[in-house]
Structure formats: structure tokens, C-alpha cells
Amino acid sequence: MSRPTRAPRRVAAVEALGPYTLLRVERAGTDPGVPGQFFMLEAPGRVLPRPMSLCLAPRGELWFLFEPVGPGTRALAAVEPGDELHVFGPLGTGFRLDVPKPLLVGGGIGIAPLPYLALALDRPPALLGFRSERHAEAATLLPAADVVIDPVLVTDAMPARRDVLACGPEPMLRAVRELAPTAQLAWEAPMACGYGACYGCAVEVDGELVRLCVEGPVLEGASCS
Amino acid sequence: MLLNASGCLDALTAPEVAAELDAFVTKTVTPDPRPGNLPPRIVETDHGMLNAIGLANPGRAAFLETTLPRLLALGVPIWVSVGGFSAAEYAETCLQLPEDTVACVELNLSCPNVDEAPESAAQIVAACRRETSLPLYAKLSPHAWDVGETVRAVEGVGADGISLVNTLRGLTLAPDLTPALARGAGGYSGPALRPVALAAVHAARRATSLPIVGMGGVGTGRDVLELIACGANHVALGTVLFVDPDAPNRVRAELDAAVRDARYATLDDAFCAAHDRVANTVNGF
């Protein structure tokens, strides 16, 4: 597995994608890691960095997709090209890629890791759900995906007998797991450190509290709560 | 020495970070295994963070059998942070710690995230003193109105050193006005804790000549220097390790420049500098 590094990286661009922000930073020597792994991004002016899964790794860059909803993500959305941010990663356990019939399922900002995952899996079928047409503008990152918009849910449109790899809000992940119990699911939790130091991101898996930043964020067939 | 604050680093998950330290302080070990508090356990504030991890640890037996041998194999001196819910529990753990391999014991007398033992800090230190010849550091809370009084009390019953400060108890609310952490209040750490730590170390140094591990909001070499100027012999890094795993190396590199910028020839010259100036000012009247 690749060794995470922490280094300042220059912001290449900050683009709006519907209500979301696409942050592009120069990759320099940073290893993009496995799809589903994440990076801790310095949030200027805040005490703690923010965990972000990698969205895409085109030549020379690392792309991150997020929704500016709190002080950290708003600070990240306000950076400008040329600014430098400390980028620490890749971290955590990503998706397992040796699946015969992959189907990517994403909901809302949870589509973030799926474009990079789609490239690694040679563009498998993908199903994305959004709460509005405006949010669905982010689907341009996965051009071949099927898109549903609330009140239609991804679980209404999910084909059976596929190896599901999913990321999205917790209710969606739980509903996906009902239909596909062996799905690989990327979860989310507040994290201070991202590398197993703080024990802040504990989630309950099979009745035990584990660190999501080490055991996850991708958990397979696990009853995460 | 540069150490980590207990609970701010897992040396087995990140041995390369522990290797940057002069000694590694374990997460607090309690007699029984503790899963810790339910999530959410951490939340950022404007100038720090709150945690309510709840002393998650595998318990004394598993620590001694599995965790400690793996920690000792790292080659970094190991300080064991000991916790409990009575003086007898602290003392029993101290008794069971191997005196030939463990470097030091830090008694966690001040976790804000669990119910406290009914005995005073001095009673707990006294009970542990009877069971081990390992160096005993008392980790104290910044909540005490008179830190010096507690320091003198634990010194009187055989403490070998003082660790200051643990986190301050704090509370922050979610947008819907409910507590942001599942436990409610948590331990407040990060940059906002720094002046509190400086005041506590300063007061402790006036009360004792024992070695002091200063900690609380350290982020830079200058911050280390300020704790040393207040009387700390050693400094521990806490929240900054969450942000920057390379903080030990960076802080060390910054320290030399900080000493020069403050116009001191050596770090030793800066030790207790904050006290000289207070005394000079008072004498000057």
C-alpha cells in the first residue's frame, strides 16, 4: 500500500458544479491512492483539516468534490488558484476492485469518489441519485451514469445481482445494503486526524466501535451504524 | 524531551510518528476494557476542538499481554498512562506494570470525559507510590483554582513529576441547539488551551522543583519555548498531531530559531525566564 505524505500543494482551480465545489490541486509527488481512499485537506483558518475522498486524478492534479455546508468546507470553497493547502494522504481503506459485475451507486455529494472508481473499473454502469436538477449537474463527472432525482431513489432503480460499490448519505447506504447485503459501502464520520490517532471517527461495526479512518471508509458487507 | 499527550497518537498505527518523539505516552489504560463513548466524539470549535472519546482502551490485561510488548518493540521509551475509578484500581495497574521495561507512569487524574474516582489526586498518587518504584507523573486538570496546592499535595506523597494540563471541559451546540457530542460536554483542546497551559505550568513551577511536562495547545517551536519559559522541563504535543503528523520534527526544527528570536543563547537560558521577569517586575516597585 502507498505511504501517505503531507505536503503543501498549489490550488489549480476552484469550480462550481451545481451547488457543489470542485477543488483542483496540483498533484506534485502525492500518490492518488486507491479509489475510496481519502485525503485530509487543510481548511484555511480552521483548526482541523477536512477528510475528502479523491474524485479524480487527471494528469498532474488531484480533484476533490464537496458541498460547502460548514465552516471547513466553506473555507475550502473560498480558496483561490495559486493558494497552497496542506494535503495529507492517501489514507484509509478504499474499494476492493476485483469484482466481476460492478455497479456504482451514488447519492448527492456521495458521488465524490465514484468518477475515480469508474476509471479504475473500466467505466462500469453507474446509478446516481440527487435531490434536485441543480444538484444533478455534478453527474457530468460520470457522463454515462443513469441519474434519478428525488422523489425517485437509487434503490428504486437498482438492478439486481450486481457487485455494488456505493457512497452516499447513511439512509441511502442502509437501503442499498438491504438490497445488496455484500455491497462495498463508503461511510462518513467526523475525523480530526485521518490516520488513527484521535479515535474520533469511531463507528459501530458488528457491535464493535472501530476507527472508520483505519478500517474504512469503505466497509464491506458490514453492519455499520 | 518531546512527547505526545496521552490519547493523541496511536504508536502502533503510526510508528513513524512515534519514532519522532523522545518517549511515547500510551492512551490511558483502565482495569477493564472500555469501548469508549458513542459517536459523535469530536467536534471542531472556532479555536480548538472538543473530544469525548471516553478512555477507549483494551483494558489492563490485554494491554499488558498484547499492546505493551508491541509498543516496547518500537524502541521508543514507553510512558504508560494509567486511569481508574478508584485509588485501588490505579494502584493495581501500577503494581502490574513491568518495572524493567516501562520508562514511566503518568497517572491520568483529570479525564473530563469519564466519571472521576472519589479519592483526591494525592490519595491516588500515594496508593500508586506504595505499589511501584517506576517514576510517577501526576497529570492534573487545569480546572483547579490553585494548581500549586495540588502540586504540593502530590509531591508530598511521592510524585516524581507533574504533567499539565489535561483538557478543559467544554460544550458546543449543534445548529438545532442540542449538544454536538453524544456525551454532551467534552475535553477542550487546541490553540485556545495554550494560555491556560502556560498559567498552570507557571503556577506549578512556583510550587515545586519537580520535573514538569507542559502541554496544551502547542503548535510551534515558539509555543514549546513559552512552556519552557514558564517552567516546563518537557513538552508534549496533543491536538497538533491530528493536524500534522510531522509536528515533532517541525517543532524541534522551529525551536532553535525561536530561542534565537527571543534573544536567548540557549534553551537552558530560557528555562523559567517567565519567572525571572515576574520577580523583577515585582521587585522594581
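Within each chain, residues carry numbers counting from 1 in the order of the written sequence. The lettering of chains begins at A and the numbering of ligands begins at 1, in the order of writing. Restriction of local features to residues with pLDDT of at least 70 applies here, the model being predicted, together with a cutoff of 80 or more for giving and counting side-chain atom pairs; totals for whole chains, interfaces and linings are based on all residues.

**Considerations on the overall build of chain B**
Segments assigned H or I by DSSP are reported as helices when at least four residues long, segments assigned E as strands when at least two residues long, and all are numbered from the N terminus. Counting its secondary structure elements, chain B contains eleven helices and twelve strands. Here the radius of gyration uses the C-alpha set of atoms, whereas the globule reference equals 2.2 Å times the residue count to the power 0.38. By the compact-globule yardstick of 19 Å for 285 residues, chain B fits well, its C-alpha radius of gyration being 18 Å. When its C-alpha atoms are laid out on the principal axes, chain B stretches across 55 × 50 × 40 Å. In chain B, which comprises 285 residues, the share counted as buried stands at 53%. Any residue pair is listed as a contact if its two C-beta atoms, each placed from the backbone, are within 7 Å. For chain B, the share of sequence-separated contacts (at least 6 apart) that also reach a separation of at least 24 residues comes to 70%. Once C-beta atoms are placed from the backbone, each residue is buried if 20 or more other C-beta atoms lie within 10 Å of its own, exposed if 12 or fewer, and partly exposed for counts between those two.

**Quick look at helix H4 (residues 121–129) of chain B**
Those residues of H4(B) that fall on the buried side of the exposure criterion are B:Ala121, B:Ala122, B:Ile124, B:Val125, B:Ala127 and B:Cys128. As for H4(B), its buried residues are in contact with helix H3 (87–96), strand E6 (104–108), strand E7 (136–139) and helix H5 (147–156) of chain B.

**Points about the interface of chain A and chain B**
Taken together, the 19 residues of chain A in the interface contact 27 residues of chain B. Class assignment for the residues of the side of chain A that touches chain B results in 15 nonpolar, two polar and two charged. All residues other than Ala, Val, Leu, Ile, Met, Phe, Trp, Tyr, Cys, Pro, Asp, Glu, Lys and Arg, Gly among them, are scored as polar; the first ten of these are nonpolar and the last four charged.

**A look at unusual backbone geometry**
Phi is mostly negative for residues that are not glycine, and the peptide bonds are mostly trans. In the segment running from A:Gly89 into A:Pro90, the intervening peptide bond is cis, with an omega of 0 degrees. Relative to the helices and strands, A:Pro90 resides in strand E6 (residues 84–91). Between B:Pro39 and B:Pro40 the backbone carries a cis peptide bond, its omega angle lying at -5 degrees. Here B:Pro40 shows up in the loop between strand E2 (24–25) and strand E3 (42–44).

**Some thoughts on the sheet that holds strand E10 (residues 186–189) of chain B**
Residue and element names in this part refer to chain B. A sheet is described by the order of its strands in space; here four strands give the open sequence E3-E4-E10-E9, paired in antiparallel fashion. Either end of the sheet is taken by a strand with one partner, and the two such strands are E3 and strand E9 (168–170). Strand-to-strand twist in this sheet, taken as the mean axis angle between neighbours without regard to direction, amounts to 35 degrees. Pairing geometry for strand E4 (residues 49–51) and E10, over three bridges, is antiparallel. Directly across from Asn51, in E10, lies its bridge partner Gly187. Here, any two strands with at least 2 DSSP bridges between them count as paired. To define axes, lines are fitted to C-alpha atoms, for helices over the stretch in contact only, and angles between the resulting N-to-C directions are given on a 0 to 180 degree scale.

**A short note on the pairing of strand E12 (residues 234–237) of chain B**
Going residue by residue along E12(B), you find B:His234 and B:Ala236 tucked away on one face and B:Val235 and B:Leu237 tucked away on the opposite face as well. Convention used here: a crossover is right-handed provided that the path from the first strand, over the helix, to the second strand proceeds clockwise when the strands point away from the viewer. Taken together, strand E11 (residues 212–215) of chain B, helix H7 (residues 221–230) of chain B and E12(B) constitute a β-α-β crossover, and its handedness is right-handed.

**Observations concerning the packing of helix H6 (residues 194–207) of chain B against H7(B)**
Residues and elements named next belong to chain B. Direction vectors running N to C along H6 and H7 enclose 25 degrees, while the axes themselves pass 8 Å from each other. Between H6 and H7, the interaxial angle falls into the category roughly parallel. Of H7, the residues touching H6 (which contributes Arg194, Ala197, Leu198, Val201, His202 and Arg205) are Asp223, Glu226, Leu227 and Cys230. In terms of residue class, the contact of H6 with H7 is built from five nonpolar, one polar and four charged. Oblique is the label for every angle not falling under 35 degrees (roughly parallel), over 145 degrees (roughly antiparallel), or within 65 to 115 degrees (roughly perpendicular).

**A word on the domain arrangement of chain A**
All names here are of chain A. Boundaries of every domain are those given by an automatic assignment or by a domain database. Segmenting chain A into domains produces domain 1 (5–91) and domain 2 (102–220). For domain 1 versus domain 2, the distance between C-alpha centres works out to 19 Å. Of the residues lining the interface, 20 residues belong to domain 1; the matching set on domain 2 comes to 20 residues. Classifying every residue of the side of domain 1 that touches domain 2 gives 16 nonpolar, three polar and one charged.

**Description of the nonpolar core**
Connectivity within a nonpolar core runs through C-beta atoms within 7 Å, and the core itself is a set of buried Ala, Val, Leu, Ile, Met, Phe, Trp, Tyr and Cys residues. Grouped together as the largest cluster of nonpolar side chains are 163 residues, with contacts concentrated most on B:Leu107 and B:Ala138. Counting only domains with at least three residues in this core, you end up with domain 1 (5–91) and domain 2 (102–220) of chain A. Contacts of B:Leu107, omitting those with residues within four sequence positions, involve B:Val82, B:Tyr90, B:Ile124, B:Val125, B:Cys128, B:Leu136, B:Tyr137, B:Ala138 and B:Lys139.

**Considering the sheet that holds strand E5 (residues 61–66) of chain A**
All names here are of chain A. A sheet is described by the order of its strands in space; here six strands give the open sequence E4-E3-E6-E1-E2-E5, paired in antiparallel fashion. The open sheet has two edge strands, strand E4 (50–53) and E5, and neither has a second partner. If you compare each strand with its neighbour and ignore which way they point, the axes differ by 40 degrees on average. Across six bridges, the pairing between strand E1 (residues 5–17) and E6 is antiparallel. The residue of E6 that forms the bridge with Ala7 is Val87.

**Thoughts on the packing of H5(B) against H6(B)**
All names here are of chain B. It is at 8 Å that the axes of H5 and H6 come closest, and there the two elements cross at 50 degrees. Considering their axes alone, H5 and H6 lie oblique with respect to each other. In this structure, H5 crosses over H6, and the sense of that crossing is right-handed. Every residue of H6 that contacts H5 at Val147, Gly148, Val151 and Arg152 is listed here: Ala200, Ala203, Ala204, Arg206 and Ala207. A breakdown of the residues in the contact of H5 with H6 according to their chemical character gives six nonpolar, one polar and two charged. Two helices crossing with the near one rotated counterclockwise from the far one by less than a right angle form a left-handed crossing, whereas a clockwise rotation gives a right-handed crossing.

**So, helix H9 (residues 247–261) of chain B**
All names here are of chain B. What a helix is expected to span follows from its residue count: subtract one and scale by 1.5 Å. End to end, H9 covers 20 Å across 15 residues, agreeing with the expected 21 Å (1.5 Å per residue, within 8%). In H9, a bend of some 30 degrees at Leu255 exceeds every other bend along the element. Of the positions making up H9, those classed as buried are Ala247, Pro248, Val251, Leu255, Ala258 and Val259. Its buried side turned inward, H9 meets strand E1 (2–4), H7, E12, helix H8 (239–243) and helix H10 (267–270). Trailing H9 by a residue or two, Arg263 shows a phi angle of about 65 degrees, which is positive. Consider a residue and the seven residues that end there alongside the seven that start there; fitting an axis to each set, the bend is the angle between those axes.

**Some words on the environment of B:Val29**
All names here are of chain B. Structurally, Val29 is set in the loop between E2 and E3. Residues Val29 and Asn108 lie 79 residues apart in sequence; the distance between their C-alpha atoms is 9.2 Å. With residues near it in sequence (within four places) discarded, Val29 still touches Asn57, Arg60, Phe63, Val80, Ser81, Val82, Gly83 and Thr93.

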